[in-house]
Amino acid sequence: SQQGEEDPQALSIQEGENATMNCSYKTSINNLQWYRQNSGRGLVHLILIRSNEREKHSGRLRVTLDTSKKSSSLLITASRAADTASYFCATDGGGSRLTFGEGTQLTVNP
Amino acid sequence: DTGVSQNPRHKITKRGQNVTFRCDPISEHNRLYWYRQTLGQGPEFLTYFQNEAQLEKSRLLSDRFSAERPKGSFSTLEIQRTEQGDSAMYLCASGYASGNSNEQFFGPGTRLTVL
């Protein structure tokens with residue numbers, strides 16, 4: 001069964017707006033990672049947040065983690081057309097394999 | 001470019017043929033992972049190696065699939081007697097085992113089409 005589930009499935013915004021994507025998972029984790037995937041390409045690692053962290057920033061990205069609710073959010077500020085991609089969260093379930101959700105398809109309109 | 005390379009990038013084959021994919025991880029990484037991704041879905045774990053040892057295999061990895069990492073560097077994934085259901089993107093990732101960190105960096109993938 002899928003561990004990470006992203007919400008919404010699709011998001012369309014205008015350039016300059018902020019985009020927020022959410023992820024829920026089911027079991028305990030050591031860490032949670034967010035990836036970006038452009039159509040037909042490989043996954044690009046965006047950020048890793050550990051289970052004992054609550055918030056992490058990287059450039060225009062802000063990730064939060066609430067282990068009590070088993071949820072995470074990814075905020076992209078001041079979005080650009082180049083941010084158009086699918087975004088996945090991945091959890092490790094305390095082990096080595098990553099479990100991905102179905103992703104959020106983000107479209108940023110110029 | 002993450003530093004993980006995969007070859008070939010695309011493979012078209014006929015049902016029943018064997019195919020082999022190669023992954024070259026980031027050189028200092030001791031872990032190597034294989035995932036499969038079908039259209040509209042997230043990647044699904046297949047197997048992983050720590051150095052040359054294959055430590056975990058998913059039940060998705062049927063008897064027709066075999067993976068090797070003979071010298072703890074590059075890895076190959078072979079699919080025998082391919083079926084149309086094997087059509088997917090095959091992704092390789094590498095990482096370095098350190099404490100609880102499980103950061104994984106992905107290659108560009110090999111897209112397999114089985115006719």
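Structure first, text after, so check above.
Residues numbered from 1 in each chain as written. Chains lettered and ligands numbered in written order. Predicted model: local features only at pLDDT ≥ 70, side-chain atom pairs only at ≥ 80, totals over all residues. Heavy atoms only, no water.

Participant: Tell me what's going on with the side chain of Arg-69 of chain B, and back it up with residues and numbers.
Facilitator: Residue and element names in this part refer to chain B. Counting through the fold element by element, Arg-69 comes out in the loop between β7 (65-68) and β8 (75-79). Look at Arg-69: it is buried, it has no salt bridge, and the nearest opposite charge is Glu-52 at 7.0 Å. A polar contact is formed between the side chain of Arg-69 and the backbone oxygen of Asn-30, at a distance of 2.7 Å. In this structure the side chain of Arg-69 is engaged in a polar contact, spanning 3.0 Å, whose partner is the backbone oxygen of Asn-51. Apart from the residues lying within four places of it in its own chain, the contact partners of Arg-69 are Pro-25, His-29, Asn-30, Arg-31, Leu-32, Phe-49, Gln-50, Asn-51, Glu-52, Phe-74 and Ser-75. (Helix = DSSP H or I, 4+ residues; strand = E, 2+ residues; numbered from the N terminus. Buried < 20%, exposed > 50% of the residue type's maximum accessible area, 1.4 Å probe, protein only. Lys, Arg positive; Asp, Glu negative; His and termini not counted. Salt bridge = Lys/Arg side-chain N within 4 Å of Asp/Glu carboxyl O. Polar contact = N/O pair within 3.5 Å; in protein donor to acceptor, adjacent residues only side chain to side chain. Contact = heavy atoms within 4.5 Å.)

Participant: Account for the sheet that holds strand β7 (residues 61-66) of chain A, naming residues and giving values.
Facilitator: Residue and element names in this part refer to chain A. Strand order in the open sheet made by the five strands is β1-β3-β8-β7-β6, with antiparallel pairing throughout. Edge positions in the sheet fall to β1 (5-7) and β6 (55-58), since each of these pairs with one other strand and no more. Going from strand to strand, the sheet's axes swing by 20° on average, the running direction of each strand aside. (Pairing = 2+ DSSP bridges. Axes fitted to C-alpha atoms, helices over the stretch in contact; angles between N-to-C directions.)

Participant: Quick one: what's the story with the packing of aromatic side chains, residue by residue and with numbers?
Facilitator: Using the criterion set out here, one finds 11 aromatic pairs over all chains in the structure. Ring geometry for Tyr-35 of chain A and Phe-106 of chain B: centres 5.3 Å apart, planes at 90°, overall edge-to-face. Here Phe-106 of chain B lies in strand β10 (residues 105-106) and Tyr-35 of chain A lies in strand β4 (residues 31-37), a pairing that spans two chains. For the pair Tyr-35 of chain A and Phe-106 of chain B, a shared accessibility class is recorded, and that class is buried. A centroid spacing of 5.8 Å and a plane angle of 90° characterise the contact between Phe-100 of chain A and Tyr-35 of chain B, whose relative ring orientation is edge-to-face. Here Phe-100 of chain A is found in strand β10 (residues 99-100), whereas its partner Tyr-35 of chain B is found in strand β4 (residues 31-37) on a different chain. (Phe/Tyr/Trp six-rings, centres within 6.5 Å; stacked < 30°, edge-to-face > 60°.)

Participant: Let's hear about the pattern of salt bridges: which residues, and what values?
Facilitator: Residues and elements named next belong to chain A. Counted under the stated rule, the structure contains seven salt bridges over all chains. In this structure, Glu-53 engages Lys-56 in a salt bridge whose closest nitrogen and oxygen atoms are separated by 4.0 Å. For Glu-53, a relative accessible area of 23% translates into the label partly exposed. The partner of Glu-55 in a salt bridge is Arg-62, and the shortest N-O contact between them spans 3.2 Å.

Participant: Break down the interface of chain A and chain B for me, citing the residues and quoting the values.
Facilitator: Counting residues at the interface gives 21 residues for chain A and 26 residues for chain B. For the chain A and chain B pair, buried surface summed over both sides reaches about 1800 Å², with 46% attributable to carbon and sulfur atoms. Of all residues in chain A, Leu-43, Ser-96 and Arg-97 of chain A give up the largest surface area on contact with chain B, accounting jointly for 32% of the area buried on that side. Residues Glu-56 of chain B and Arg-97 of chain A are paired through a salt bridge, measuring 2.8 Å at the closest nitrogen-oxygen approach. Elements represented by at least two residues in the side of chain A that touches chain B include exactly β4 and β5 (43-50) of chain A. Residue composition of the side of chain A that touches chain B, by class: six nonpolar, 10 polar and five charged. (Buried area = accessible area lost by both parts, 1.4 Å probe. Nonpolar A, V, L, I, M, F, W, Y, C, P; charged D, E, K, R; others polar.)

Participant: Would you mind going over the sheet that holds β8 of chain B in detail, with residue names and values included?
Facilitator: Residues and elements named next belong to chain B. Read from one edge to the other, the open sheet built from four strands follows the order β1-β3-β8-β7, with strand pairing classed as antiparallel. In this open sheet, the two strands that pair with only one neighbour each are β1 (5-7) and β7. Sheet twist, expressed as the mean angle between neighbouring strand axes with direction ignored, is 15°. Both β1 and strand β3 (residues 19-24) contribute to a ladder of three bridges, which runs antiparallel.

Participant: Outline the state of the cysteines, listing residues and values.
Facilitator: Residues and elements named next belong to chain B. On inspection of all chains with the given rule, the structure shows two disulfides over all chains. Covalent S-S linkage joins Cys-23 and Cys-92, the inter-sulfur distance amounting to 1.8 Å. Classification of the bridge connecting Cys-23 and Cys-92 rests on its S-S torsion, roughly -65°, and on that basis the disulfide is left-handed. Of this pair, Cys-23 sits in strand β3 while Cys-92 sits in strand β9 (residues 88-95); the two residues are 69 residues apart in sequence, bridging distant segments of the chain. (Disulfide = S-S within 2.5 Å.)

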